[in-house]
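Commentary on secondary and tertiary structure
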Amino acid sequence: NAGVMQNPRHLVRRRGQEARLRCSPMKGHSHVYWYRQLPEEGLKFMVYLQKENIIDESGMPKERFSAEFPKEGPSILRIQQVVRGDSAAYFCASSPGTSEVGGPYNEQFFGPGTRLTVL
Amino acid sequence: RKEVEQDPGPFNVPEGATVAFNCTYSNSASQSFFWYRQDCRKEPKLLMSVYSSGNEDGRFTAQLNRASQYISLLIRDSKLSDSATYLCVVNEGYSTLTFGKGTMLLVSP
């Protein structure tokens, strides 16, 4: 049973280029989350998606960043016109669902991450 | 501002020692609590979910004190392979996980 898959594992971009990060959730999981980890920092929530819907994007920068989770295919995190400050590890997680009161339904499992380096 | 606070460490302990980490959270409405471990430059891996007042899994015991808003993780009989950064994580709603910056543990022979 494959876990959360992310690709590419490493991505190098020059300033001004676009970065596309892909995430396939665990089998049976319909909820996808994106997090960013800057060097020497903790993970920060960016966006939560279900198929064809953005549920919570409160952690997304207002400009240049977008995310989608289409009916078919992986979730995509897209960063336009990258800057050096975008260099970070971007982790995707998935869960079977969510529950207000907690429990295994809330548990999120992480992919190996994409390390983005902006030159 | 909703935060999760942890002592960054590092905690240096010999093999076989017992070590405990604490974590405090600011949002009293938080419902779910977790401990993850993260090895250098790898993804976080779920170690334990913390339900009700606490739970135990082998050498690991997690406790939750809602009144004081803190969570603890106890590791007994430390192994070299326990060396990692331990992340305290709080779920504040349906989706958002808020991570502490982690506590580094170094277990030496």
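Refer to the structure above for everything that follows.
A brief report on the enclosed structure follows. (Residues numbered from 1 in each chain as written. Chains lettered and ligands numbered in written order. Predicted model: local features only at pLDDT ≥ 70, side-chain atom pairs only at ≥ 80, totals over all residues. Heavy atoms only, no water.)

Some details on the overall build of chain B
Scanning chain B for helices and strands turns up zero helices and 11 strands. Sequence-ordered secondary structure for chain B, helices as α and strands as β, is β-β-β-β-β-β-β-β-β-β-β. Over its C-alpha atoms chain B spans a radius of gyration of 13 Å, differing by no more than 12% from the 13 Å that the globule rule assigns to 109 residues. Considering only C-alpha atoms, chain B reaches an extent of 40 × 30 × 20 Å along its principal axes. Within chain B, buried positions represent 48% of all 109 residues. Taking contacts inside chain B between residues at least 6 apart in sequence as the whole, the part at least 24 apart equals 54%. When the accessible surface of chain B is totalled, it reaches about 5,300 Å², and 49% of it is carbon and sulfur. (Helix = DSSP H or I, 4+ residues; strand = E, 2+ residues; numbered from the N terminus. Rg over C-alpha atoms; globule rule 2.2 N^0.38 Å. Buried < 20%, exposed > 50% of the residue type's maximum accessible area, 1.4 Å probe, protein only. Contact = heavy atoms within 4.5 Å. Areas by Shrake-Rupley, 256 points an atom, 1.4 Å probe, with all protein chains shown as cover.)

Examining the sheet that holds strand S6 (residues 54–57) of chain B
Across a sheet, paired strands are connected by hydrogen bonds in the backbone, their directions being either parallel or antiparallel. All names here are of chain B. Taken in spatial order, the five strands make up an open sheet running S1-S3-S8-S7-S6, and their pairing is antiparallel. The open sheet has two edge strands, strand S1 (4–6) and S6, and neither has a second partner. Averaged over neighbouring strand pairs, the angle between their axes works out to 15 degrees when direction is ignored. Pairing of strand S3 (residues 19–25) with strand S8 (residues 70–75) involves six bridges; the strand directions are antiparallel. Pairing of Phe21 across the sheet is with Leu73, part of S8. (Pairing = 2+ DSSP bridges. Axes fitted to C-alpha atoms, helices over the stretch in contact; angles between N-to-C directions.)

Focus: the pattern of salt bridges
All names here are of chain A. Applying the stated criterion across every chain yields a total of eight salt bridges over all chains. The partner of Glu18 in a salt bridge is Arg78, and the shortest N-O contact between them spans 2.9 Å. Of this pair, Glu18 sits in the loop between strand S2 (10–13) and strand S3 (19–24) while Arg78 sits in strand S8 (residues 75–79), and the two are 60 residues apart along the sequence. You can call Arg78 partly exposed: its relative accessible area is 27%. (Salt bridge = Lys/Arg side-chain N within 4 Å of Asp/Glu carboxyl O.)

Points about the packing of aromatic side chains
Following the criterion strictly, the structure yields 11 aromatic pairs over all chains and no others. Both rings, one in Tyr25 of chain B and one in Phe33 of chain B, keep their centres 4.9 Å apart while their planes meet at 45 degrees; by these two values the pair is tilted. Both residues of the pair, Tyr25 of chain B and Phe33 of chain B, belong to the buried class. Cluster of aromatic residues (ring-pair linked, three or more members): Tyr35, Phe45 and Phe110 of chain A together with Phe34, Tyr36 and Phe99 of chain B. (Phe/Tyr/Trp six-rings, centres within 6.5 Å; stacked < 30°, edge-to-face > 60°.)

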